[in-house]
Amino acid sequence: MKLNERSLAFYATCDSPADNSGFLYKRGERHTAYHRRWFVLKGNMLFYFEERESREPVGVIVLEGCNVELCDSAEDFAFAIRFGGTKSRTYVLAAESQAAMESWVKSLSRASFDYMRLVVRELEKQLEEMRRGLARGCGGSRDSASSWKPKPLGLERSPERLPALPTSLPKENGCAVWDNVLGAERPPEPSGCPGHRDEGSPRPPPLPPRRRVSDSEAVTETPSTFCRLHERYSRDMARLRQDWLEKWSGPRP
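1. A word on the overall build of the chain
Thought 1: Helix and strand content of the chain: 5 helices and 9 strands.
Thought 2: Ordering the α and β elements of the chain from the N terminus gives α-β-β-β-β-β-β-β-α-α-β-β-α-α.
Thought 3: In the chain, which comprises 253 residues, the proportion classed as buried is 19%.
Thought 4: Once local pairs closer than 6 in sequence are excluded, the contacts in the chain between residues at least 24 apart make up 39%.
Thought 5: A total accessible area of about 21000 Å² is found for the chain, and carbon and sulfur atoms account for 54% of it.

As structure tokens, then:
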């Protein structure tokens, strides 16, 4: 596997968020002494620097095909990154506390693409089970909805018993009135008494019938007729007022 050093250095020091970072003690490959290094985990790559302010990493560990496990070492809170194969190197690291060690072991164990594949497969499996459950639930609801039929109400009547509508509807002032259809029956009131409903919802009083206007009245009623009626009414009211004043202004016994 070929890696571009410049690209790795840029990726290690860029502003992209790190999955974990902190100081760890790294045991040397030739010498068993531990050296304090600054580690940065990004994706499946574990970079380590000599100091926190270093511009370039000293090395990188690609976390593929490896296992992260605890190990016995002279240092406390030690763990190892072991790769498969006889000639593969084992990296021994040590944290400064128990909490730091647990955090690093957890994050390093989840950094490989193999782990991500397992997570994706598990999520796909759960999603497929949820879809099947929803499909079964929707199918059951459709079956129950299709099998359900509304119960016939007591107010329903067969088409043979329904009265036939007249060819011409009665009109009031030139407007058809559907409530006055001849032969039309109304359903019984909920209380059983015609003209009365429940106490909580009283039935409003019936509307007065509209005054029918004949063609002769429509023709003869003109503004001049109205004026004459108004003048007659005014004269009658004036005469009644004069009689009332004369009656009450006379001598009292």
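2. Observations regarding the packing of aromatic side chains
Thought 1: Evaluation of the coordinates by the stated rule reveals 4 aromatic pairs.
Thought 2: Centroid distance Phe23 to Trp38: 4.8 Å. Interplanar angle 70°. Geometry classified as edge-to-face. Here Phe23, found in strand S1 (residues 20-27), pairs with Trp38, found in strand S2 (residues 34-42); they are 15 residues apart in sequence, far enough to count as distant.
Thought 3: What makes Phe23 partly exposed here is its relative accessible area of 22%.
Thought 4: With a centroid separation of 5.5 Å and 35° between ring planes, the pair formed by Phe39 and Tyr48 is classed as tilted. In terms of burial, Phe39 and Tyr48 fall into one category: buried.

3. Concerning the nonpolar core
Thought 1: By size, the foremost hydrophobic cluster in this structure holds 20 residues, and its most contacted members are Leu46, Leu63, Phe79, Ile81, Trp104 and Leu108.
Thought 2: Looking at this core, the elements with two or more residues in it are S2, strand S3 (45-49), strand S5 (66-70), strand S6 (78-83), strand S7 (90-94) and helix H2 (98-109).
Thought 3: Sort the elements by how many residues they give to this core and H2 lands first, with 4 residues.
Thought 4: If we skip the residues at most four places from it in the chain, Trp104 touches Asn20, Ser21, Gly22, Leu24, Phe39, Leu41, Leu46 and Phe79.
Thought 5: Listed in part, the 7 residues of the second largest apolar core include Ala12, Val40, Met45 and Phe49.

4. Focus on the side chain of Lys26
Thought 1: Position of Lys26 among the secondary structure elements: in strand S1.
Thought 2: Although buried, Lys26 forms no salt bridge, and the nearest oppositely charged side chain, Glu29, lies 6.9 Å from it.

5. A short note on the side chain of Asn44
Thought 1: Assignment of secondary structure puts Asn44 in the loop between S2 and S3.
Thought 2: A residue is classified by how much of its surface remains accessible, and Asn44, at 13% relative accessible area, is buried.
Thought 3: At 3.0 Å, the side chain of Asn44 and the side chain of Glu64 are in polar contact.
Thought 4: For Asn44, the residues in contact, after removing those within four places along its chain, are Ile61, Val62, Leu63, Glu64, Ala111, Ser112 and Phe113.

6. A look at the pattern of salt bridges
Pairing between side chains of opposite charge can happen when the charged atoms of each approach one another.
Thought 1: By the definition in use, this model includes 6 salt bridges.
Thought 2: Across the pair Asp114 and Arg117 runs a salt bridge whose closest N-O atoms are separated by 2.6 Å. Separated by 3 residues within a single helix, Asp114 and Arg117 lie in helix H3 (residues 113-147), roughly one turn from each other.
Thought 3: Asp114 gets classed as partly exposed once you look at its relative accessible area, which sits at 39%.
Thought 4: The partly exposed category is assigned to Arg117, whose relative accessible area is 45%.
Thought 5: One salt bridge in this structure joins Glu128 and Arg132, with 3.6 Å as the shortest N-O distance. A residue pair is termed a helical-turn pair when its members lie 3 or 4 positions apart in one helix, as Glu128 and Arg132 do in helix H3 at 4 residues.
Thought 6: Take Glu128: its relative accessible area is 35%, and that puts it in the partly exposed class.
Thought 7: A relative accessible area of 52% places Arg132 in the exposed class.

7. A short note on helix H1 (residues 5-13)
Owing to its 3.6 residues per turn, the α-helix brings residues three or four apart onto one side.
Thought 1: Within the span of H1, buried status applies to Leu8, Ala9 and Ala12. One side of H1 holds all its buried residues, which, seen down the axis, span an arc of 100°. Exposed positions of H1 whose direction lies more than 90 degrees from the buried face are Arg6 and Phe10.
Thought 2: Against S2, S3 and strand S4 (59-62) lie the buried residues of H1.

Scoring rules and cut-offs
Residues numbered from 1 in each chain as written. Predicted model: local features only at pLDDT ≥ 70, side-chain atom pairs only at ≥ 80, totals over all residues. Heavy atoms only, no water. Helix = DSSP H or I, 4+ residues; strand = E, 2+ residues; numbered from the N terminus. Buried < 20%, exposed > 50% of the residue type's maximum accessible area, 1.4 Å probe, protein only. Contact = heavy atoms within 4.5 Å. Areas by Shrake-Rupley, 256 points an atom, 1.4 Å probe, with all protein chains shown as cover. Phe/Tyr/Trp six-rings, centres within 6.5 Å; stacked < 30°, edge-to-face > 60°. Core = buried A, V, L, I, M, F, W, Y, C linked by side-chain atoms within 4.5 Å. Lys, Arg positive; Asp, Glu negative; His and termini not counted. Salt bridge = Lys/Arg side-chain N within 4 Å of Asp/Glu carboxyl O. Polar contact = N/O pair within 3.5 Å; in protein donor to acceptor, adjacent residues only side chain to side chain. Arc of directions from axis to C-beta.

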